[in-house]
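# Observations on the three-dimensional arrangement
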Amino acid sequence: MSPRVLLFTGKGGVGKTTAAAATATLAARRGLKTLIVSTDTAHSLADALDVEPGEVAPGLHLHQVDTQKSLERHWGDLQQYARGVLGELGLDEITSEEITVLPGAEEIIALLELREHAREGRWDVIVVDCAPTAETLRLLALPEALDWHVGRLLPVGRRIVRLVSPFVRSVAHVSTPGEEVMSAGERLHRGLMEVRELLTGDHASVRLVLTPESVVLAEARRTLTSLSLYGYRVDAVIANRVFPSGGADEWRAQWAAAQSRLLAEAEQSFAPLPIHVVPYLPAEPVGKEALASVGEAMYGESDPFAAHDVEPPLRLSADELVLALPGAGRADVDLARKGDELIVTAGPYRRILALPAALARRKITGAALRDGVLRVVFSPGSESGA
């Protein structure tokens, strides 16, 4: 049985780590074996829970990624090859070490370790405290983007390596990657695709955390659109730091009124998703007791660990492709056809969809975006542009 996987993201500073930690604490208190991990390099989860990594409460485990050890395990072959080539080019060992530190390595390793935890079979719930929105979107887009490149380049790369290795070694005196290096790349690729299957599957969903501010709300809308573009399902929105409306002085009453208007706007923007409200607390919730209280207030009578009923954003039929892009307007969306691929752009984000054989042989006869749903219609005939 797959664990329930809950990812929390939002604009920096809105309280996503607090929401994630409160959710995990609540899960453990309800008797669910719970793991909480972070893909955020800031590692603020331990600070929020006021504990060291490990079993921090009965049924609640906090895991913090050891990037160096995991990097060596998942990427060692490729990194070793890169260091060797740099050495042959005359770079000293320290420079080689510095150059081969991979951008985004910590986030990639966190995803691979998340897959391993999900496969252990010991967790009922896995809560993931993601990095702020932009980093999270880049990270979640990575597996499919890598799949696109690997699917085209790796077979070619293997052929080229076999052909040019003797020449490169004899003329340039530089090593070429051997079979073990190519296999390491394939293992990384396969692992990241398994992560994507896990996070887009029926047991996983994203929760958007926001504060009732116009700038934050605008970013959250765009995030919902982008997550849907990449195939991830959002099942709830958490509105944090909401002023109570009653018994307030004039200053707080003005804030409460402004927040009330923005919450009403959020309900319209994110409908039919539920919006869980967390009141503005008199002190920062630090420690398991405080976080458990936040979790109870946040979810009320609802079951935050029940299976979601959100449809997959992308659906294919015999003659139609349907992609949910909630919140997107016509000016935000662009569609292009290149061979057997459909390129969908929503705002600054782009997804390349490989069409199944049944649709790849057909031409596009129509495309329309209505009520946040993109429909692309195909009909029998020769391939053509959109």
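Residues numbered from 1 in each chain as written. Predicted model: local features only at pLDDT ≥ 70, side-chain atom pairs only at ≥ 80, totals over all residues. Heavy atoms only, no water.

### Structural notes on the packing of helix α8 (residues 214-229) against helix α9 (residues 250-270)
One can describe the packing of α8 onto α9 by two numbers: an axis separation of 11 Å at closest approach and a directional angle of 10°. In terms of their interaxial angle, α8 and α9 are classed as roughly parallel. Residues S214, L217, A220, R221 and L224 of α8 lie in contact with α9, whose contacting residues are L262, E265, A266, S269 and F270. Here the residues of the contact of α8 with α9 are counted per class, giving six nonpolar, two polar and two charged. (Axes fitted to C-alpha atoms, helices over the stretch in contact; angles between N-to-C directions. Helix = DSSP H or I, 4+ residues; strand = E, 2+ residues; numbered from the N terminus. Parallel < 35°, antiparallel > 145°, perpendicular 65-115°, else oblique. Contact = heavy atoms within 4.5 Å. Nonpolar A, V, L, I, M, F, W, Y, C, P; charged D, E, K, R; others polar.)

### Digging into the pairing of strand β13 (residues 349-354)
Successive side chains on a regular strand alternate, one facing one side of the sheet and the next facing the other. Residues of β13 alternate between two faces, with Y349, R351 and L353 buried on one and R350, I352 and A354 left unburied on the opposite face. Both strand β12 (residues 341-346) and β13 contribute to a ladder of six bridges, which runs antiparallel. Its bridge partner being in β13, V344 is matched across the sheet by R351. (Buried < 20%, exposed > 50% of the residue type's maximum accessible area, 1.4 Å probe, protein only. Pairing = 2+ DSSP bridges.)

### Observations regarding the nonpolar core
Residues F8, I36, I126, L199, F270, L342 and V344 are the most contacted members of the largest nonpolar core, which totals 95 residues. When residues of this core are assigned to their parent elements, the largest contribution, eight residues, is made by helix α1 (residues 16-29). Beyond its immediate sequence surroundings of up to four residues, F8 is in contact with K16, A19, A20, T23, V127, V128, D129, C130, R207, V209, I238 and Y299. (Core = buried A, V, L, I, M, F, W, Y, C linked by side-chain atoms within 4.5 Å.)

### Regarding the packing of aromatic side chains
One pass over the full model with this rule turns up five aromatic pairs. With a centroid separation of 6.2 Å and 85° between ring planes, the pair formed by F243 and W251 is classed as edge-to-face. W251 sits in the exposed class, given a relative accessible area of 53%. Of the residues examined, F243 reaches a relative accessible area of 16% and is grouped as buried. (Phe/Tyr/Trp six-rings, centres within 6.5 Å; stacked < 30°, edge-to-face > 60°.)

### Some thoughts on the sheet that holds strand β11 (residues 333-338)
Read across the open sheet, the three strands follow the order β11-β12-β13; overall the sheet is antiparallel. Because the sheet does not close on itself, it has two edges, and the strands there are β11 and β13. On average, adjacent strands in this sheet sit at an angle of 15° to one another, irrespective of strand direction. In terms of strand pairing, β11 meets β12 through six bridges, oriented antiparallel. Considered in β12, the bridge of K338 is made with E341. Each of β12 and β13 is contacted by α8, which is oriented at about 20° to β13, the strand it contacts most.

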